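Take a look at the letters that make up each chain.
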Amino acid sequence: MTSPAQKTPERSEPSRGPFSDLVARLFREKPLGAAGGMVFVAFLLCGVFANVLAPHAENDTNILSRFQPPSLEFPMGTDHLGRDVFSRVLIGAQLSMIVGFAAAALATIVSIILGVLSGYLGGWVDMVIQRMVDAWMTFPGLVLLIVVISIVGPGLPQIVAILGLQYGIAGSRIVRGSVISVRENMYTHAAQSIGAGTLHILRKHILPNIMPVLIVLFTTRVGAVILSEAGLSFLGLGLPPPQPTWGGMLAGSGRAYMYMGPWLALAPGLCLTVVVFAVNIFGDALRDLLDPRMRGLR
Amino acid sequence: MQSYIARRLLALIPTLFFVSIIVFCSIRLIPGDVVDLMMSQNDISTGQDRAKVEAALGLDQPMIVQYFRWLGNACRGDLGRSLWRNTKVTEQLAARLPVTFELGFLSLVVALTVAIPIGIYSAMRQDTLGDYVVRSFSLVMLAIPGFWLGTLVMVFPAVWWRWAPDIDYTPFFEMPIKNLKHMLVPAILLGLSLSAVTMRMTRTMMLEVMRQDYIRTARAKGVGEIRLVLQHALRNGLIPIVTLIGLQAPMLIGGAVIMEQIFVIPGIGLMLLEAVFQRDYPVVSGVFMVVGIGVLFINLVVDLSYGWLDPKVRTS
């Protein structure tokens, strides 16, 4: 008990908010999850500063240095056009993070809207929304994404919108469940009985109480979205080609070159796996700390 | 049991309705004009009356009429014709569905034969080194994208040993051995990624069941450990695992799309991708609908199998 307490003094400022409390608990109780979070933050920083960190421009071609194996100048080798793989992986991290955060944020908003409408209003609204969610979730995520992309065409805004919608609708079930449990609490009934308006109750009573669920939902969605975007890019339906996405760098169309430069098949997949792994264990740890009831959900 | 089945079937109706709306919208939201597309792709001369083509397709009718006409046709098994091959979509589906079904079935067999014994082992040896290895493995498998594993399997054996997985499809009933040789690698890859979740679930369920009183009673009566697990614990532990298989059906189909693309397996996943790149929209929406209904059907079977596995469900 005393040893973890010795670590905290450096971080304990005079007034500790709920956020730094959570961080402290994460490091103390879930070191593995904290490590996952740190790895994720490292990738996030790589993404943010990708343009500064990248030693070469990601789309600079150089015929003279095609298929260079990893070296000091090209830490991850070069591809069939002589582009530096390391720089491309860094910019790929940036794109993954943009898609991950934007789509996960959108997904969370969609989940809140649907989940709150369905869970708080109940009745026929709930019935209709839930059957629609059922129907939507019947379709395999990837198949749905392929079909929608074939309609709206590939591109960053489309990808973010459709991934956000996809995961938002799926996640609305979880939000609905927690809204229903909060709605039945005494303080909600009390607020209703003194005549508080619906919006007021939602803002002051429901939303703050489902916050832990939303945080966990958002975190796990970031990983899922990054993986989905990579899958789409792999199939040639993600961001259009010159963009160095991790999925696109592994795409089937470039496999012929991987036989000549096997290193091309390694870095993007490894980054993808490490990021998703890190987000998963970080999300699991957050969930255990914030809302143990969600255990088993993904 | 009959009323249970009837209730399940009734609950399916609203979902089916919304599924049909989603598929119908996906057809109507197609960019550009289907008529233009058909006219250009079938080399219909521009002089031909456009309105005639529209009328032939029923596009001059109000949306609601179009919907019911489409629904009626779909119910009779008419999903339209491919814009490129001019064959019926249903014919193409009939040729391709069994291929995906085979891949899915083999993957499921791989997933279950890997996941259930290892999950049980992990639960029996809770918090030992073996348990940690199993749990880390399943966490890593959850994070590794299937398409990367597939790419690695295609590239590295070829570079190191001059060996590459077969990508030459032969139907099972013509040359079963050759067919299985082709399907085995993708089925193992897909099965392994599916096994991660099942493994975790089996472990959790076994841990929970093994702590129950009736297990202690059986043990006190002197029931052997193997019989205890297989006959007493596993049946109760299996119920959530069956649900999980149902929930994984969409994942399985999504994974099949990827594996079919990498290993050039002519199933419905590859059919969908080809159709998307050729802008063959009747085929896209045909596959879309069949996949949706397929998943609904799998979930129904899973629901019904509860009743069989767990007598409590039938009466509740």
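Rules and cut-offs
- Residues numbered from 1 in each chain as written.
- Chains lettered and ligands numbered in written order.
- Predicted model: local features only at pLDDT ≥ 70, side-chain atom pairs only at ≥ 80, totals over all residues.
- Heavy atoms only, no water.
- Helix = DSSP H or I, 4+ residues; strand = E, 2+ residues; numbered from the N terminus.
- Buried < 20%, exposed > 50% of the residue type's maximum accessible area, 1.4 Å probe, protein only.
- Areas by Shrake-Rupley, 256 points an atom, 1.4 Å probe, with all protein chains shown as cover.
- Contact = heavy atoms within 4.5 Å.
- Core = buried A, V, L, I, M, F, W, Y, C linked by side-chain atoms within 4.5 Å.
- Buried area = accessible area lost by both parts, 1.4 Å probe.
- Salt bridge = Lys/Arg side-chain N within 4 Å of Asp/Glu carboxyl O.
- Polar contact = N/O pair within 3.5 Å; in protein donor to acceptor, adjacent residues only side chain to side chain.
- Disulfide = S-S within 2.5 Å.
- Phe/Tyr/Trp six-rings, centres within 6.5 Å; stacked < 30°, edge-to-face > 60°.
- pLDDT = per-residue confidence, 0-100.
- Expected span 1.5 Å × (residues − 1).
- Bend = angle between axes of the 7 residues up to and from the residue.
- Patch = residues over 30% accessible without salt bridge, like charges linked within 9 Å, V, L, I, M, F, W, Y side chains within 5 Å.
- Axes fitted to C-alpha atoms, helices over the stretch in contact; angles between N-to-C directions.
- Parallel < 35°, antiparallel > 145°, perpendicular 65-115°, else oblique.
- Nonpolar A, V, L, I, M, F, W, Y, C, P; charged D, E, K, R; others polar.

A count of helical and extended segments in chain A gives 13 helices and zero strands. Evaluated residue by residue, chain A yields a buried proportion of 51% over its 298 residues. Of the roughly 13400 Å² that chain A leaves accessible, carbon and sulfur atoms contribute 68%.

Time to look at the overall build of chain B. In terms of regular secondary structure, chain B is built from 13 helices and zero strands. Sequence-ordered secondary structure for chain B, helices as α and strands as β, is α-α-α-α-α-α-α-α-α-α-α-α-α. Residue pairs in contact within chain B that sit at least 24 positions apart in sequence constitute 71% of those at least 6 positions apart. For chain B, the accessible area works out to roughly 16200 Å², and carbon and sulfur atoms hold 66% of it.

Turning our eyes to something else, we now look at the nonpolar core. Ranked by internal contacts, the top residues of the largest apolar core, which has 113 residues, are Ile 146, Leu 235 and Trp 246 of chain A together with Phe 147 of chain B. Counting residues per element, this core draws most heavily on helix H5 (residues 85–121) of chain A, at 10 residues. Residues Ile 116, Ile 120, Val 223 and Val 229 of chain B belong to the second largest nonpolar core, which totals 15 residues.

Turning to the interface of chain A and chain B, a few remarks are in order. Residue-level contacts link 41 residues of chain A with 45 residues of chain B. Carbon and sulfur atoms make up 81% of the area that chain A and chain B hide from each other, which totals about 3800 Å². Run the count over chain A and chain B and you get one salt bridge. One salt bridge connects Asp 284 of chain A with Arg 200 of chain B, and the closest N-O pair in it is separated by 3.8 Å. One can count one residue pair in polar contact (both at pLDDT 80 or more) joining chain A with chain B. At the level of elements, helix H6 (123–138), helix H7 (141–152), helix H10 (198–234), helix H12 (255–260) and helix H13 (267–290) of chain A are the ones that each hand at least two residues to the side of chain A that touches chain B. For the side of chain A that touches chain B, the leading source of residues is H13 of chain A, giving nine residues.

So, about the state of the cysteines. Applying the stated rule across the entire model yields zero disulfides over all chains. Here Cys 271 of chain A stays unpaired: no disulfide links it, and the sulfur of Cys 46 of chain A, its closest cysteine neighbor, is 8.5 Å away. Owing to a relative accessible area of 11%, Cys 271 of chain A belongs among the buried residues under this scheme. Cys 25 of chain B forms no disulfide, and the closest cysteine sulfur to it belongs to Cys 75 of chain B, at a distance of 17 Å. Given a relative accessible area of 34%, Cys 25 of chain B falls into the partly exposed group.

The subject of this paragraph is the packing of aromatic side chains. Counting across every chain of the model gives 10 aromatic pairs over all chains. Summarising the aromatic geometry, the rings of Tyr 67 of chain B and Phe 68 of chain B are spaced 5.1 Å apart at their centres and angled 75° between planes, so their arrangement reads as edge-to-face. For Tyr 67 of chain B, a relative accessible area of 6% translates into the label buried. Here the aromatic residues Phe 40, Phe 101 and Phe 218 of chain A are joined through ring pairs into a cluster of three or more.

When pLDDT drops low, the exact placement of atoms in the prediction is not to be read closely. The pLDDT averaged across chain A works out to 80; a share of 90% of its residues lies at or above 70. In the predicted structure, residues 1–14 of chain A sits below a pLDDT of 50 and forms six contacts with residues beyond four places in sequence or in another chain.

Residues and elements named next belong to chain B. Counted at 1.5 Å a residue, the expected span for helix H1 (residues 2–28) with its 27 residues is 39 Å, and the 39 Å between its end C-alpha atoms agrees. Considering bend angle alone, the principal kink of H1 is centred on Ile 13 and spans about 30°; proline Pro 14 follows within four residues of it. Those residues of H1 that fall on the buried side of the exposure criterion are Tyr 4, Leu 12, Thr 15, Phe 18, Val 19, Ser 20, Ile 22, Val 23, Phe 24, Ser 26 and Ile 27.

So, about helix H10 (residues 225–263) of chain B. Between its terminal C-alpha atoms H10 of chain B stretches only 43 Å, short of the 57 Å expected from 39 residues at 1.5 Å a residue. In the stretch just after H10 of chain B, Val 264 of chain B is the one whose phi turns positive, near 50°.

It is worth spelling out a nonpolar patch on the surface at this point. Residues and elements named next belong to chain A. A contiguous nonpolar patch, built from Val 41, Leu 45, Val 48, Phe 49, Val 52 and Leu 53 and spanning about 570 Å² of accessible area, is present on the exposed surface. The dominant element in the nonpolar patch, judged by the number of residues it contributes, is helix H3 (residues 31–48), at three residues. Looking at the element boundaries, Val 41 is found in helix H3.

Turning next to the side chain of Thr 198 of chain B. Residues and elements named next belong to chain B. If you trace the backbone, Thr 198 turns up in helix H8 (residues 176–210). Thr 198 sits in the buried class, given a relative accessible area of 1%. Here the side chain of Thr 198 touches Leu 194 through a polar contact of 3.2 Å, landing on its backbone oxygen. Setting aside chain neighbours within four positions, we find Thr 198 in contact with Leu 112, Ala 115, Ile 241, Leu 244 and Gln 248.

Before going further, it helps to examine the environment of Val 39 of chain A. Residue and element names in this part refer to chain A. Mapped onto the elements of the fold, Val 39 is located in helix H3. Between the alpha carbons of Val 39 and Ala 278 there is a distance of 6.2 Å; along the sequence they are 239 residues apart. Residue contacts for Val 39: discarding those within four places in its chain leaves Val 274 and Ala 278.

Residues and elements named next belong to chain A. Across the interface, helix H2 (residues 18–29) lies against H3 with an axial gap of 5 Å and an inter-helix angle of 120°. Relative to H3, H2 is oriented oblique. Listed contacts from H3 to Leu 26, Phe 27, Arg 28 and Glu 29 of H2 are Pro 31, Ala 34 and Met 38. The residue inventory of the contact of H2 with H3, partitioned by class, reads five nonpolar, no polar and two charged.

On to the pattern of salt bridges, then. Proximity of charged atoms lets side chains of opposite charge pair with each other. Residue and element names in this part refer to chain A. In this structure the tally under the stated criterion is 10 salt bridges over all chains. For Asp 126, the salt bridge goes to Arg 176, with nearest N and O atoms at 2.8 Å. Here Asp 126 is found in helix H6, whereas its partner Arg 176 is found in helix H8 (residues 156–183), with 50 residues between them in sequence. Between Arg 173 and Asp 134 there is a salt bridge, with its nearest N and O atoms 2.8 Å apart. Of the two residues, Arg 173 sits in helix H8 while Asp 134 sits in helix H6, which places them 39 residues apart along the sequence. Classification of Arg 173 by relative accessible area gives partly exposed; the value is 28%. Connected through salt bridges with shared partners, the residues Arg 131, Asp 134 and Arg 173 form a single ionic network.

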